[in-house]
Amino acid sequence: MPTAAAQRYPTLEFVTRLQVEIDSPLELGQAAEGRRRFIPITGGSFSGPGLSGRILAGGGDWQTLRQDGTAVLEARYFLQTHEGDFIEVTNTGYRHASPAIMERLLNGEIVAPEEYYFQTTPRLQTASKNYDWLNRTIFIGDAERMPDSVIVNLFAVN
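Because the structure is predicted, anything quoted here is derived from the model rather than measured.

What counts and how
Sequence order sets the numbering: in each chain, residues are counted from 1 along the sequence as written. At least 70 in pLDDT is required for a residue's local features to be given in this predicted model, at least 80 for side-chain atom pairs to be given and counted, and no such filter applies to totals for whole chains, interfaces and linings, which use all residues. By convention in this description, side-chain values take in all heavy atoms of the structure and omit both hydrogens and water. Buriedness of a pocket was judged along seven lines, with at least five required to meet protein on both sides within 12 Å; pockets are open sets of points on a 1 Å grid over the protein atoms alone, cavities are sets where a 1.4 Å probe fits but cannot get out, and lining residues have an atom within 4 Å of a point. Grid points are joined across faces, edges and corners, and a volume is the space filled by probe spheres set on the points. Strands here are runs of E lasting at least two residues and helices are runs of H or I lasting at least four, both read from the DSSP assignment and numbered beginning at the N terminus. In this classification, the charged set is Asp, Glu, Lys and Arg, the nonpolar set is Ala, Val, Leu, Ile, Met, Phe, Trp, Tyr, Cys and Pro, and all remaining amino acids, among them Gly, are polar. Two N or O atoms count as a polar contact when they lie within 3.5 Å, although within protein this holds only if one can serve as hydrogen donor and the other as acceptor, and sequence-adjacent residues are included solely when both atoms are side-chain atoms. Whether two residues are in contact is decided by their heavy atoms, any of which lying within 4.5 Å being enough. When accessible area is computed with a 1.4 Å probe and restricted to protein chains, residues below 20% of their type maximum are described as buried, those above 50% as exposed, and intermediate ones as partly exposed. Criterion used throughout: strands pair if DSSP finds at least two bridges between them.

*Asks:* What exactly am I supposed to notice about empty space enclosed by the protein here?
*Replies:* One water molecule sets the probe size; rolling that probe over the atoms shows where empty space is left. Enumeration over the complete set of coordinates arrives at 2 cavities of 30 Å³ or more. Of all the elements in the fold, those that place two or more residues in the lining of the largest cavity are β1 (12–22), β3 (34–47), β5 (60–65), β6 (71–81), β7 (86–96), α1 (99–106), β8 (117–125) and β10 (149–157). If one sorts the elements of the lining of the largest cavity by residue count, β7 sits on top with 4 residues. Taken together, the residues of the lining of the largest cavity sort by class into 12 nonpolar, 5 polar and 4 charged. Taken as a whole, the second largest cavity encloses approximately 40 Å³ of empty space. Around the second largest cavity, the lining residues are Leu18, Tyr77, Leu79, Val89, Asn91, Pro122, Leu124, Val152 and Leu154. Only β6, β7, β8 and β10 provide two or more residues apiece to the lining of the second largest cavity.

*Asks:* Explanation requested: the side chain of Gln63 in the structure shown.
*Replies:* Turning to its location among the elements, Gln63 is positioned in strand β5. In terms of polar contacts, Gln63 uses its side chain to reach the side chain of Asp61, at 3.1 Å. For Gln63, the contacting residues outside a window of four places in its chain are Arg35, Arg36, Arg37, Ile39, Val72, Leu73 and Arg95.

*Asks:* How should the pairing of β5 be read in this particular structure?
*Replies:* Along any regular strand, the residues point their side chains to alternate faces of the sheet. Buried residues dominate β5, accounting for 5 of its 6 residues. Strand direction decides the pairing type here: β3 and β5, joined by 6 bridges, are antiparallel. Among the inter-strand pairings, Pro40 is bridged to a residue of β5, identified as Gly60. When β5 meets β6, the two strands line up antiparallel, connected through 6 bridges. Within the sheet, the bridge partner assigned to Gly60 lies in β6 and is Arg76.

*Asks:* What is the right way to read the layout of surface pockets from this model?
*Replies:* Estimated volume of the largest pocket: approximately 170 Å³. Around the largest pocket sit Arg35, Leu65, Arg66, Asp68, Gly69, Thr70, Ala97, Pro99, Met102, Glu103 and Leu106, which together line it. Top contributing element to the lining of the largest pocket by residue count: α1, with 4 residues. Considering only residue class, the lining of the largest pocket consists of 5 nonpolar, 2 polar and 4 charged.

*Asks:* Sorry if this is basic, but what is going on with the pairing of β7 here?
*Replies:* Summarising the sheet, β6 and β7 pair through 10 bridges and their orientation is antiparallel. Paired with Tyr77 across the strands is Val89, a residue of β7. The loop that links β6 with its antiparallel partner β7 comprises 4 residues; one of these, Gly84, has a positive phi angle of about 100°. Pairing between β7 and β8: 9 bridges, direction antiparallel. Within the sheet, the bridge partner assigned to Asn91 lies in β8 and is Pro122.

Next up, the structure:
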């Protein structure tokens, strides 16, 4: 077993803040694993020390609302940097809170982010030489649900 001095712990480095604009959910209904919904992504922007640009319309967030009150999320969309490079995002995560808070979130109300858990594990892929480091970096997303957008503060795990 390694000694305490030999242990290494990961650190987080802020990369960018995404503001993902969304449309009204499409309710698909109750399925075997839970209530299914689709949230269309209509655009947005991102800005930070590591990445800046716009979020392209046409993506979406596939959600399963489980019996235990957890929303299981899988969003897929494209970014375009200010230099014109494309980045594909696959962002999975969980959002959960008390039943009353979850109901407020599902109704599109503003809820303080400290009242619920909303964390993601984004995977970024690109063919860009400028941003090749994205293809081999693990990211954590600290997210917040707004009435017409989702904010994701993206951190690289070092």
